[in-house]
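Below, each chain spelled out in residue letters.
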Amino acid sequence: MENKVVLISGAGRGLGRAIAMAYHSMGFNVIATDVDLSLFLDIKNKERFTCIKLDVTSESDVRICAEIVAEKFGKLDVLISNAGIIDFYPVSEAGSERLKKIFDVNVFGLTNLTKYCLPLLINGHGRLIVISSESYKVPSPFQPYSISKQMLESLYKSIKIELSLIGVKSILIRPGAMQTQILDDTIHFNIHLNNSQFEQEFSGFIETAPKYIGNIVNPEKVAKIVLKAATSKRPKSIYHINHNPIVSLFAILPTGIKNIIIKKGLTK
Ligand code: NAD
């Protein structure tokens, strides 16, 4: 993989970091980017790592990063949209400002990356890899995260078709639970609402949600598949990894039954 170049968003820790290490060990030049540059202290001086501060919500950060990559490498072989955040609250009470925060990172981050990195991907005859989540398939109360992943998947479909018109392949990765900060934040989430219509239901949700997490894998296991998606001659269009069978079963139930189960689970 000599002279191959990969750019990863959110590579400071978790899955993004595991992806960075997997590609690096295969000989890639790794552009590791994150909103928090201090997460790169351990790798910033290592050969074949270029660590850049990049907030995916900032067009100017992404533009500057793309300029650095253009100057240094002139191309990208792989672009990985990985950065993501999680939060829990009643979406019906959130208002647009609060919701925009998670949509900006988890949805529009992808459009900023494609806007500025597309010429580099074209030069490298490269591939776009997008990290979604198994939770895209379960719209449930109090979960702006799963809404953001549904929006991401819709956006991705259009981007995939557009990029295919100009010969750029796109691949979607849908992992289940991984041992990262996002999972810790889910398990230990402990906010109790005040002045909300949903105080009782929300505390029911906070108690119940961790029970549906299922099998947890290390991000390194998922990173291996993200590497395969870039290096395989005929990659799959979508990779499903470590999905929770209970979530998959729940997802195919009729909406009315889903709603009864949710209501029963959240009210005492
Ligand atoms: P994580 O919190 O460990 O890592 C996320 C990284 O993104 C962090 O380094 C963080 O600094 C960075 N980041 C946050 N906001 C950013 C921004 N605005 N710009 C750039 N970087 C930013 O979590 P993770 O689990 O490694 O998440 C990686 C991806 O995997 C996310 O897209 C997440 O939705 C997805 N995912 C995670 C799980 C899971 O169980 N952990 C399951 C399915 C999908």
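Residues numbered from 1 in each chain as written. Predicted model: local features only at pLDDT ≥ 70, side-chain atom pairs only at ≥ 80, totals over all residues. Heavy atoms only, no water.

> Give me the lowdown on the site of the ligand, citing residues and values where you can.
The local shell around the ligand holds 28 residues, among which Leu-15, Asp-34, Asn-82, Tyr-145 and Thr-180 are the closest. Asp-34 places a polar side-chain atom, nitrogen or oxygen, 2.6 Å from an oxygen atom of the ligand. The contact in question runs from an oxygen atom of the ligand to an N or O atom on the backbone of Asn-82, over 2.7 Å. Summarising the interface, the protein chains cover 94% of the accessible area of the ligand, which totals 840 Å² for the free molecule. Broken down by secondary-structure element, the contributors of at least two residues to the shell around the ligand are α1 (14-25), α4 (144-165) and α5 (181-187). Class assignment of the residues belonging to the shell around the ligand gives a composition of 14 nonpolar, 10 polar and four charged. (Near = heavy atom within 4 Å. Polar contact = N/O pair within 3.5 Å; in protein donor to acceptor, adjacent residues only side chain to side chain. Areas by Shrake-Rupley, 256 points an atom, 1.4 Å probe, with all protein chains shown as cover. Helix = DSSP H or I, 4+ residues; strand = E, 2+ residues; numbered from the N terminus. Nonpolar A, V, L, I, M, F, W, Y, C, P; charged D, E, K, R; others polar.)

> Would you mind going over the packing of helix α3 (residues 95-123) against α4 in detail, with residue names and values included?
With their axes 8 Å apart at the nearest point, α3 and α4 run at an angle of 20° to one another. Put simply, α3 runs roughly parallel to α4. Viewed along their axes, α3 and α4 form a crossing whose handedness is right-handed. Within the contact between the two elements, α3 uses Leu-99, Ile-102, Phe-103, Asn-106, Val-107, Leu-110, Thr-111, Thr-114 and Leu-118 and α4 uses Pro-144, Tyr-145, Ile-147, Ser-148, Met-151, Leu-152, Leu-155, Tyr-156, Ile-159 and Leu-163. (Axes fitted to C-alpha atoms, helices over the stretch in contact; angles between N-to-C directions. Parallel < 35°, antiparallel > 145°, perpendicular 65-115°, else oblique. Left-handed = near helix turned anticlockwise from the far one by under 90°. Contact = heavy atoms within 4.5 Å.)

> Before we move on, could you go through helix α9 (residues 255-266) and cite the residues and values that matter?
Taking 1.5 Å per residue as the helical rise, α9 with its 12 residues ought to reach 16 Å, and the 16 Å between its terminal C-alpha atoms agrees with that figure. Turning to α9, its buried residues number three or more, namely Lys-258, Ile-262 and Leu-266. The buried residues of α9 all sit within an arc of 55° when viewed along its axis, so they share a single face. Summarising the geometry of α9, the exposed residues directed more than 90 degrees from the buried face are Ile-260, Lys-263 and Lys-264. In the core, the buried residues of α9 are packed alongside α6 (199-208) and α8 (245-251). (Expected span 1.5 Å × (residues − 1). Buried < 20%, exposed > 50% of the residue type's maximum accessible area, 1.4 Å probe, protein only. Arc of directions from axis to C-beta.)

> Kindly report on the state of the cysteines, identifying the contributing residues and their values.
Here the structure, examined in full by the defined rule, presents zero disulfides. Not engaged in a disulfide, the cysteine Cys-117 finds its nearest cysteine sulfur in Cys-65; these two sulfurs lie 6.2 Å apart. Take Cys-117: its relative accessible area is 1%, and that puts it in the buried class. (Disulfide = S-S within 2.5 Å.)

> Kindly report on the sheet that holds strand β1 (residues 5-8), identifying the contributing residues and their values.
With parallel pairing, the seven strands of this open sheet are ordered in space as β3-β2-β1-β4-β5-β6-β7. What marks the edges here is a single partner per strand, and that holds for β3 (49-53) and β7 (238-241). Across this sheet, the average inter-strand angle for adjacent strands is 15°, counted without regard to direction. Here strand β4 (residues 78-81) pairs with strand β5 (residues 127-131) via four bridges, running parallel. Paired with Ile-80 across the strands is Ile-129, a residue of β5. Sheet contacts for α1: β1, β2 (29-34), β3, β4 and β5; angle to β1, the most-contacted strand, approximately 175°. Running over the sheet, helix α7 (residues 219-231) touches β4, β5, β6 (169-175) and β7 and is turned about 155° from β5. (Pairing = 2+ DSSP bridges.)

> For a nonpolar patch on the surface, give the residues involved together with the corresponding values.
On the surface, Ile-122, Ile-161, Leu-165 and Ile-166 cluster together to form a nonpolar patch covering roughly 420 Å² of accessible area. Mapped onto the secondary structure, Leu-165 falls in helix α4. Taking the relative accessible area as the measure of exposure, Leu-165 reaches 71% and is therefore exposed. (Patch = residues over 30% accessible without salt bridge, like charges linked within 9 Å, V, L, I, M, F, W, Y side chains within 5 Å. Salt bridge = Lys/Arg side-chain N within 4 Å of Asp/Glu carboxyl O.)

> Could you give me a rundown of the packing of aromatic side chains, with the residues and numbers involved?
In this structure the tally under the stated criterion is eight aromatic pairs. Judged by centre distance (5.3 Å) and plane angle (80°), the ring pair of Phe-142 and Phe-202 falls under edge-to-face. Residue Phe-142 is located in the loop between β5 and α4, and its partner Phe-202 is located in helix α6; the two are separated by 60 residues in the primary sequence. Exposure remark for Phe-142: the relative accessible area of 6% places this residue in the buried category. For the pair Phe-202 and Phe-205, a centre-to-centre distance of 6.1 Å together with 35° between the ring planes defines the contact as tilted. In this pair, Phe-202 and Phe-205 both sit in helix α6, three residues apart, roughly one turn of the helix. Among the residues examined, Phe-202 registers a relative accessible area of 1% and is labelled buried. (Phe/Tyr/Trp six-rings, centres within 6.5 Å; stacked < 30°, edge-to-face > 60°.)

> So what's going on with the pattern of salt bridges? Which residues, and what values?
All told, the structure shown has eight salt bridges when counted by the stated rule. Here Lys-4 and Asp-77 are joined by a salt bridge, their closest N and O atoms 4.0 Å apart. Pair noted here: Lys-4 is in the segment before β1 and Asp-77 is in the loop between α2 (59-72) and β4, with a separation of 73 residues, a long-range link. The exposure class of Asp-77 is buried, given its relative accessible area of 9%. Two residues, Arg-63 and Glu-67, come together in a salt bridge whose shortest N-O distance is 3.3 Å. Placement of the pair is Arg-63 and Glu-67 together in helix α2, with a separation of four residues, close to one helical turn. On the accessibility criterion, Glu-67 (44% relative accessible area) is partly exposed. Through salt bridges with shared partners, a single network forms among Lys-4, Lys-75 and Asp-77.

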